[in-house]
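Survey of secondary and tertiary structure
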Amino acid sequence: MSDSDLIVLRNIAKTYRRGEESISIFSDLNLTIPSGDFVAMMGPSGSGKTTLLNLLGGLDRPTSGTILFDGAPIEKLSESQLSAWRAANIGFIFQFYNLMPTMSAARNVELPLLLTSLSPSERKKRVKTALEVVGLDNRAGHKPKELSGGQQQRVAIARAIVADPKLILADEPTGDLDRTTAAEILEMLQLLNRELGKTIVMVTHDPAAAKYARRELHLDKGTFEERLT
Amino acid sequence: MSDLRLILAGLGRKPLRTGLLVFAIFIAFLIYGVLAAFQSSLENAAGPSSSNRLVVANRINFTQPLPLAYASRIQNVEGVADVSYSNWFGGYYREQRNFLLTFAIEPESYTRIYSEYVMPEEQRQAFIANRDSVMVGRTVAEQYGWKLGQQIPLSSNIWRRRDGTFVWPVVIRAIYDGKDANTSTGSVFLHYEYLDEGRSFGNDTVGIVQIVTSDASQNDAVAARVDAQFANSRAETETLSEQAFNAAFIDQQGNIGLIILGVTGAAFVTILLIVGNAMAGAIRERTGEIAVMKTLGFTSNRIGRIVVGETLLLALFGGLLGLGLANLLTNVLSGIPALNQFFGGMRITPQIALSAVGFMAALGFITGAIPAFNAMRVNVIAAFRRI
Ligand SMILES: Nc1ncnc2c1ncn2[C@@H]1O[C@H](COP(=O)(O)OP(=O)(O)OP(=O)(O)O)[C@@H](O)[C@H]1O
Ligand SMILES: [Mg+2]
């Protein structure tokens, strides 16, 4: 591995137990994602894309194998250590935005900063900047209900970048949006990757969406097939 | 502090539900405050109590008389520092419905022992010096507009005079105040001698004998000695601490303590179920949001704390509102002259407020425990598969 590798998966196996039977999703998965990469992860439904994203984000643990993040294994961390690690290193973007319905856009974006030691005024500044990046600083006081789907996803992107994480994980971020809006969101992710150097792993079913990434990985039957875009 | 905002955001999710829960808690603590204040006013009305005062009453029942001679015999019991005695008078003013809490007392020793009743020394001396004197509490004096030096016809519904009437003319020579706000000033005191010489029956007997012991630690020993001295006599005695005696006196008027316990206990359990159930439902609805927060890096412990914070805030907010209104209500009730005699001492004491806040905290923690536990257990991956 080189110094610039942000993520290294080594011999990852993941099996789920359902009663008596155990289902193997992957048995020996290996993958390296360098810092600054933008990966589009594709594959049939049920192939394990979300499972892999959960492993990368420290939300789930592999059955065996090791996950190195910045050279350090994360599968050994305790629950609370993983929480702190996620807060510091990972930004999440979901298909259905998952904003807090009772909070304004600004409050939603501020949420990850409540896990830092930043002062309220510093938090305010950061929130403003993040909303500016996604072009929504004029909607800071709006509740999620008062925003369109695309706008909500932009708020979610602002929330994902506000704490300045190294890695952004996005599970079908455009799955719920129309073509034009989807393109806007994807351009924004591309911008985050190119201008701010964020490493992004994005799961998508849409080949057009995958074209925005630097490379595509196809997950099927527990192995990767790579295609450069 | 940032958690407070998350707590408020949680409560603000369904304002109507939050409002109803606050209202339920508000009502519960309003009831508690008023009943507890009423109970404490009854305790005060029964008379002040002090840790080294004992009350000697007839063993059969405290309404049965004791021979007057017991007072001087008790004076000689080891550990007894001071003695006084009193007799229930059954007084009223002009009409039966103007009931007066009236006692015939030995004026010198009684006013010495009951230092809770304060008045200018010259009034006390005037009261002691004249056999037809009465000493009245400020509350009663104000209720009937009585002044010092005024002669009033004090009637008894028990004691017939030798001349066949029930009216005992007396002159007001002292008006006493309470040493503190807890001391009820709703009683009237006349001379025992005046009663005993005038009454047509029951002479040379008293209702109860009050003892001051040399030290509170001597109470039990003194009580035992007194009761032993009169064992196997015609009038056996039962000596109790003043507090125990007052409690027994209140019991005569229905067990208010038990009623309060029953009513507030039932209210408390009901509120517990309502709030606990509502919060458990609220947390279930928020499973997705909790999963998102955990994904962002909030720990389970912190989320648990936020949930308990919500129930605590609910309980404190509703509870303090209820207690506040109870305080207002008791102030108004005790300010109405016609009710003064019974509700005069009715107020939210610091002890009542303190125990109420204790109950609020208990309510908050208990109702928050299960929802918090459920919130902490929310599995992020499973939650996302559901949404
Ligand atoms: N907790 C679980 N218990 C049992 N099986 C599970 C569990 N979670 C996932 N699976 C199974 O693992 C496989 C991979 O699921 P995953 O959600 O990762 O697929 P995916 O590639 O994201 O699919 P989609 O494109 O439909 O989102 C599926 O067959 C799924 O049924
Ligand atoms: Mg998936």
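Predicted model, so just to flag it, every value in this text is computed and none were measured. (Residues numbered from 1 in each chain as written. Chains lettered and ligands numbered in written order. Predicted model: local features only at pLDDT ≥ 70, side-chain atom pairs only at ≥ 80, totals over all residues. Heavy atoms only, no water.)

1. Topic: the overall build of chain B
Across its full length, chain B holds 15 helices and 13 strands. For 387 residues, the compact-globule estimate of 2.2 N^0.38 gives 21 Å, and the C-alpha radius of gyration of chain B, at 29 Å, exceeds that figure by more than 25%. Per-residue burial over chain B gives 51% buried out of 387 residues. For chain B, the proportion of contacts with a sequence separation of at least 24, taken over those separated by at least 6, is 78%. Carbon and sulfur atoms provide 59% of the accessible area of chain B, an area that totals close to 17600 Å². (Helix = DSSP H or I, 4+ residues; strand = E, 2+ residues; numbered from the N terminus. Rg over C-alpha atoms; globule rule 2.2 N^0.38 Å. Buried < 20%, exposed > 50% of the residue type's maximum accessible area, 1.4 Å probe, protein only. Contact = heavy atoms within 4.5 Å. Areas by Shrake-Rupley, 256 points an atom, 1.4 Å probe, with all protein chains shown as cover.)

2. Points about the overall build of chain A
Along its length, chain A carries seven helices and 10 strands. A globule of 229 residues ought to have a C-alpha radius of gyration of about 17 Å, and chain A, at 18 Å, matches this closely. In terms of principal-axis extent, the alpha carbons of chain A reach across some 50 × 40 × 40 Å. Within chain A, the fraction of its 229 residues that count as buried is 54%. Summarising the internal contacts of chain A: among those between residues at least 6 apart in sequence, 69% fall at separations of at least 24.

3. Considering the environment of B:Ile303
Residue and element names in this part refer to chain B. By the secondary structure assignment, isoleucine 303 is in helix α12 (residues 300-335). For the pair isoleucine 303 and alanine 291, spaced 12 residues apart in sequence, the C-alpha to C-alpha distance is 10 Å. Sequence-distant contacts of isoleucine 303, that is, excluding residues within four places in its chain, are made with Ile290, Met293, Lys294, Phe298 and Ala375.

4. A look at helix α2 (residues 79-89) of chain A
Of the residues making up α2(A), those classed as buried are A:Leu82, A:Ser83, A:Trp85, A:Arg86, A:Ala87 and A:Asn89. Next to the buried residues of α2(A) lie α1 (49-56), β4 (64-69), β6 (90-93) and β7 (167-171) of chain A together with α11 (287-296) of chain B.

5. A few points about the sheet that holds strand β1 (residues 5-18) of chain A
All names here are of chain A. One open sheet holds the four strands; their spatial order is β2-β1-β4-β5, and the pairing between them is antiparallel. The open sheet is flanked by β2 (21-34) and β5 (72-73), the only strands paired with a single partner. Both β1 and β2 contribute to a ladder of 10 bridges, which runs antiparallel. Among the inter-strand pairings, aspartate 5 is bridged to a residue of β2, identified as proline 34. Against the sheet, α1 engages β1, β2 and β4, with an angle of about 125° to β1. (Pairing = 2+ DSSP bridges. Axes fitted to C-alpha atoms, helices over the stretch in contact; angles between N-to-C directions.)

6. Thoughts on the domain arrangement of chain B
You can read the domains of chain B as domain 1 (2-45 + 255-386) and domain 2 (65-234). On a C-alpha basis, the centres of domain 1 of chain B and domain 2 of chain B stand 46 Å from each other. (Domains from an automatic or database assignment.)

7. Some thoughts on the pairing of β4(A)
Residue and element names in this part refer to chain A. Relative to β4, β1 runs antiparallel, the two sharing five bridges. Directly across from valine 8, in β4, lies its bridge partner leucine 68. Hairpin connection of β4 to β5: two residues between the antiparallel strands, including aspartate 70 at a positive phi of 55°.

8. Let's talk about the interface of chain A and chain B
Contact with chain A, which involves 24 residues of that partner, is made by 21 residues of chain B. The junction of chain A with chain B conceals about 2000 Å² of combined surface from both sides, 68% of it contributed by carbon and sulfur atoms. The interface formed by chain A and chain B contains one salt bridge. Between B:Arg5 and A:Glu110 there is a salt bridge, with its nearest N and O atoms 2.8 Å apart. Scanning the region where chain A abuts chain B turns up four residue pairs in polar contact (both at pLDDT 80 or more). Mapped onto the side of chain A that touches chain B, the elements with two or more residues apiece are α1, α2 and α3 (105-110) of chain A. A total of four residues in the side of chain A that touches chain B trace back to one element, the largest contributor, which is α2(A). (Buried area = accessible area lost by both parts, 1.4 Å probe. Salt bridge = Lys/Arg side-chain N within 4 Å of Asp/Glu carboxyl O. Polar contact = N/O pair within 3.5 Å; in protein donor to acceptor, adjacent residues only side chain to side chain.)

9. Focus: the environment of B:Tyr85
Along the chain, the position of B:Tyr85 falls in strand β3 (residues 80-88). With near-sequence residues (within four places) excluded, B:Tyr85 lies in contact with B:Leu68, B:Ala71, B:Ala104, B:Ile105, B:Glu106, B:Tyr110, B:Tyr192, B:Val206, B:Ile208, B:Val209 and B:Gln210.

10. So, the site of ligand 1
What surrounds ligand 1 is a group of 14 residues, the closest being A:Ser45, A:Lys49, A:Thr50, A:Thr51 and B:Arg385. More than one chain reaches ligand 1: its neighbouring residues belong to chains A and B. For ligand 1, an oxygen atom lies 3.4 Å from a polar atom in the backbone of A:Ser47. The side chain of A:His205 places a nitrogen or oxygen atom 3.2 Å from an oxygen atom of ligand 1. Expressed as a share of its isolated accessible area of 640 Å², the protein-covered part of ligand 1 is 73%. Of all elements in the fold, only β1 and α1 of chain A reach the threshold of two or more residues within the shell around ligand 1. The residue inventory of the shell around ligand 1, partitioned by class, reads three nonpolar, seven polar and four charged. (Near = heavy atom within 4 Å. Nonpolar A, V, L, I, M, F, W, Y, C, P; charged D, E, K, R; others polar.)

11. Brief notes about the packing of aromatic side chains
Residues and elements named next belong to chain B. Taken as a whole and judged by the stated rule, the model has 24 aromatic pairs over all chains. Residues tyrosine 93 and tryptophan 146 carry aromatic rings whose centres are separated by 4.9 Å and whose planes lie at 85° to one another, so their mutual orientation is edge-to-face. Remark: tryptophan 146 occurs in the loop between α6 (138-144) and β8 (151-156) and tyrosine 93 occurs in strand β4 (residues 91-93); sequence separation between them is 53 residues. The two residues tyrosine 93 and tryptophan 146 agree in class, both being buried. Judged by centre distance (4.9 Å) and plane angle (35°), the rings of tryptophan 159 and phenylalanine 201 are tilted. In this pair, tryptophan 159 sits in the loop between β8 and β9 (167-178) while phenylalanine 201 sits in the loop between α7 (192-198) and β11 (205-206), placing the two residues 42 residues apart along the sequence. (Phe/Tyr/Trp six-rings, centres within 6.5 Å; stacked < 30°, edge-to-face > 60°.)

12. Brief notes about the pattern of salt bridges
Under the definition given, this model contains 31 salt bridges over all chains. For A:Glu132, the salt bridge is made with A:Lys128, and the minimal N-O distance between the two is 2.8 Å. With A:Glu132 and A:Lys128 both in helix α4 (residues 120-133) and four residues apart, this pair spans about one turn of that helix. For A:Lys128, a relative accessible area of 49% corresponds to the partly exposed category. Residues A:Lys198 and A:Asp164 are paired through a salt bridge, measuring 2.4 Å at the closest nitrogen-oxygen approach. Residue A:Lys198 is found in the loop between α6 (179-196) and β8 (199-203), and its partner A:Asp164 is found in the loop between α5 (149-161) and β7; the two are separated by 34 residues along the sequence. Overall, A:Lys198 belongs to the buried group, its relative accessible area being 7%. Through salt bridges with shared partners, one network takes in B:Arg13, B:Lys14, B:Arg17, B:Glu285 and B:Glu289.

13. Here's the deal with the pairing of β7(A)
Residue and element names in this part refer to chain A. Along β7, five of the five residues are buried, which leaves the element largely enclosed by surrounding structure. Judged from the five bridges that link them, β7 and β8 form a sheet pairing that is parallel. Across the sheet, residue aspartate 171 finds its bridge partner in β8, namely valine 203. Where the polypeptide runs from β7 across α6 and back to β8, its parallel neighbour, the crossover connection is right-handed. (Right-handed = clockwise from strand over helix to strand, strands pointing away.)

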